[in-house]
Amino acid sequence: MLLFSRVLTLTGNPRVTMPWAMEITAYVNSKTTAPLSCWSASFGYPVGTVGWSMGVESQTQLAAEFAAMAGDDAYFDLIEKAADWVDTPGEDLLRNLIYGTPGDAAEPGAIATVTTATAAVDRMGDAIGWSVEIAQHVESVTGSPVFVFTDMFGQMGKITWIGIQADAAAVDAGQAKMDADTSYLGRMAATKETFIPGSGHTSQMVRIA
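None of these values were measured; they are calculated from a predicted model. (Residues numbered from 1 in each chain as written. Predicted model: local features only at pLDDT ≥ 70, side-chain atom pairs only at ≥ 80, totals over all residues. Heavy atoms only, no water.)

### Observations regarding the pattern of salt bridges
Then comes step 1: If you walk through the whole model with that rule in mind, you get 4 salt bridges.
Then comes step 2: In this structure, K81 engages E23 in a salt bridge whose closest nitrogen and oxygen atoms are separated by 3.2 Å. Separated by 58 residues along the polypeptide, K81 in helix α3 (residues 73–81) and E23 in helix α1 (residues 14–31) bring together distant segments of the chain.
Then comes step 3: As a salt-bridge pair, R95 and D151 come within 3.3 Å of each other at their nearest N and O atoms. Pair noted here: R95 is in strand β4 (residues 91–99) and D151 is in strand β6 (residues 146–151), with a separation of 56 residues, a long-range link.
Then comes step 4: On the basis of relative accessibility, which here comes to 7%, the residue R95 falls in the buried class.
Then comes step 5: The exposure class of D151 is buried, given its relative accessible area of 12%. (Salt bridge = Lys/Arg side-chain N within 4 Å of Asp/Glu carboxyl O. Helix = DSSP H or I, 4+ residues; strand = E, 2+ residues; numbered from the N terminus. Buried < 20%, exposed > 50% of the residue type's maximum accessible area, 1.4 Å probe, protein only.)

Put into structure tokens, the structure is as follows:
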């Protein structure tokens, strides 16, 4: 499975921008076959950042979904509606799922913790193996699913973990369990020569639609 994501930072009043983000999500879902979800960034991104995600089986399927919107005037009208709220271009991401069950869909209100790191190119095999092992370990400690992806474009060697929890209470409970896990830091130390130092980044998003 591939995960397509579009990340965009909106300026202006959230009372206006967030309803627009949900409106365009609903419209795209009315025209495409693969479900599109919408997320609002809470930490680790500029204020006002939103993200959309769609799971597809292939780039061929993704191209077909794009084609369904290509000549849709109402869709482009919605894009124009947000023109005054966008100061910088958005970013499109495409990731390949290497671990996790796609059926574990997040419901509105769910929280995604997104962690990225860049592997040394000559250690990519080791990095992927470790990435799956650490995801399985976090799942065993917290009881919440963690997906592992390799980024297909952008920084070479980038790996993304996305952990999904039902709400803020579940995030707090999971963090408390990880804080009590004495083996976690030891497992992290094993990455010293596998990932590029300083390349790690963690952010959090809440599903709004």
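Right, picking up where we left off after that structure.
### Points about the side chain of T32
Then comes step 1: When you line up the elements, T32 lands in the loop between α1 and β2 (36–43).
Then comes step 2: Here V28 takes part through its backbone oxygen, which lies 2.8 Å from a polar atom of the side chain of T32.
Then comes step 3: Excluding residues within four positions of it along the chain, T32 makes contact with M54, E65, A68 and M69. (Polar contact = N/O pair within 3.5 Å; in protein donor to acceptor, adjacent residues only side chain to side chain. Contact = heavy atoms within 4.5 Å.)

### Focus on the pairing of strand β5 (residues 111–118)
Then comes step 1: Among the 8 residues in β5, 6 count as buried, and that is most of the element.
Then comes step 2: For β5 and strand β7 (residues 158–165), the ladder comprises 8 bridges, and the chain directions are antiparallel. Bridge pairing in β7 places T115 opposite W161.
Then comes step 3: In this sheet, strand β8 (residues 201–207) lies alongside β5 in antiparallel orientation, the contact comprising 6 bridges. Bridged to V114 within β8 is S203. (Pairing = 2+ DSSP bridges.)

### A closer look at the packing of aromatic side chains
The description of two aromatic rings rests on the distance between their centres and on the angle between their planes.
Then comes step 1: Applying the stated rule across the entire model yields 7 aromatic pairs.
Then comes step 2: Linked through ring pairs, W20, W52 and W85 together constitute an aromatic cluster. (Phe/Tyr/Trp six-rings, centres within 6.5 Å; stacked < 30°, edge-to-face > 60°.)

### Let's talk about helix α2 (residues 59–70)
Then comes step 1: The terminal C-alpha atoms of α2, which comprises 12 residues, lie 16 Å apart, in line with the 16 Å expected from a rise of 1.5 Å per residue.
Then comes step 2: Within the span of α2, buried status applies to L62, E65 and M69. End-on view of α2: buried residues confined to an arc of 60°, all on one side of the axis. Away from its buried face, by an angle of more than 90 degrees, α2 presents the exposed residues T60, A67 and A70.
Then comes step 3: Turning to α2, the residues buried within the fold contact β1 (2–9), α1, β3 (49–56), α3 and β4. (Expected span 1.5 Å × (residues − 1). Arc of directions from axis to C-beta.)

### Observations regarding the side chain of T142
Then comes step 1: Mapped onto the elements of the fold, T142 is located in helix α4 (residues 124–142).
Then comes step 2: Its relative accessible area of 13% is what places T142 among the buried residues.
Then comes step 3: Ignoring sequence-local partners within four residues, the contact set of T142 consists of G174, K177 and M178.

### Focus: the sheet that holds β4
Then comes step 1: Spatially, β1-β3-β2-β8-β5-β7-β6-β4 is the arrangement adopted by the 8 strands of the closed barrel, whose pairing is antiparallel. For this sheet, the mean angle separating the axes of adjacent strands, direction not counted, is 35°.
Then comes step 2: Taken together, the 4 bridges between β4 and β6 define a ladder with antiparallel strand orientation. Residue pairing in the sheet places R95 in a bridge with D151 of β6. (Axes fitted to C-alpha atoms, helices over the stretch in contact; angles between N-to-C directions.)

### A few points about the nonpolar core
Then comes step 1: Counting 24 residues, the largest nonpolar core has L10, W20, I24, V50 and W52 as its most contacted members.
Then comes step 2: Listing elements by their share of this core, those giving two or more residues are β1, α1, β2, β3, α2 and α3.
Then comes step 3: For this core, the element with the most residues is α1, which contributes 6 residues.
Then comes step 4: Setting aside anything within four residues of it in sequence, one finds V50 in contact with R6, V7, L8, L10, M18, A21, W39, S40 and M205.
Then comes step 5: The next biggest cluster of nonpolar side chains, apart from the first, holds 16 residues, and it includes I134, V141, V148 and W161. (Core = buried A, V, L, I, M, F, W, Y, C linked by side-chain atoms within 4.5 Å.)

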